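Understanding the architecture of this molecule
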Amino acid sequence: MVDLSPRASATLSRRCLQGMIRDFWTITNKDSLAKEIKAIDDRVTPQIKKVLHSLRELGNIGAHMEQDVNLIVDIDPNEARQLI
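The structure reproduced in this document is the subject of the present report. (Residues numbered from 1 in each chain as written. Predicted model: local features only at pLDDT ≥ 70, side-chain atom pairs only at ≥ 80, totals over all residues. Heavy atoms only, no water.)

Some thoughts on the environment of Gly19
Heads up, the rule is: Working definition: helices are DSSP H or I runs of at least four residues, strands are E runs of at least two. Numbering for both runs from the N terminus. A 1.4 Å probe rolled over the protein chains alone gives each residue an accessible area, and that area as a share of the maximum for its type sets the label: buried under 20%, exposed over 50%, partly exposed in between.
Residue placement: Gly19 occurs in helix H1 (residues 6-24). Take Gly19: its relative accessible area is 27%, and that puts it in the partly exposed class. Sequence separation between Gly19 and Leu33 is 14 residues; the distance between their C-alpha atoms is 9.7 Å.

So this is what it looks like as structure tokens:
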């Protein structure tokens, strides 16, 4: 998937992150991934928090494409692999 569509891969990585946060830390009462990451701020290092937010931001283009359909974010396959 990474080589066929790096953007789709980034979006799926974002969804996996959200699922892991919800399952592992049982965060269920938040209405966005940003708020879910904020809810675990005290349980992860600042470096991990930065990585989580970066993954969220890269994956947002697919998760929230209705916000700006004209915005195209280039993600190369190496970036998509790093997200995985």
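This is not the end of the story, as more comes after the structure.
Side note on H1
The condition is simple: Here the expected length of a helix is defined as 1.5 Å per residue gap, with one fewer gap than residues.
With 19 residues, H1 should cover 27 Å at 1.5 Å per step; its first-to-last C-alpha distance of 26 Å lies within 8% of that length. Those residues of H1 lying buried are Pro6, Ser9, Ala10, Thr11, Ser13, Arg14, Leu17, Gln18 and Ile21.

Remarks on the side chain of Gln18
Note the following rule: Contacts are assigned to residue pairs with any non-hydrogen atoms lying within 4.5 Å of each other.
Along the chain, the position of Gln18 falls in helix H1. When neighbours within four sequence positions are excluded, Gln18 is seen to be in contact with Ser32, Leu33 and Glu36.

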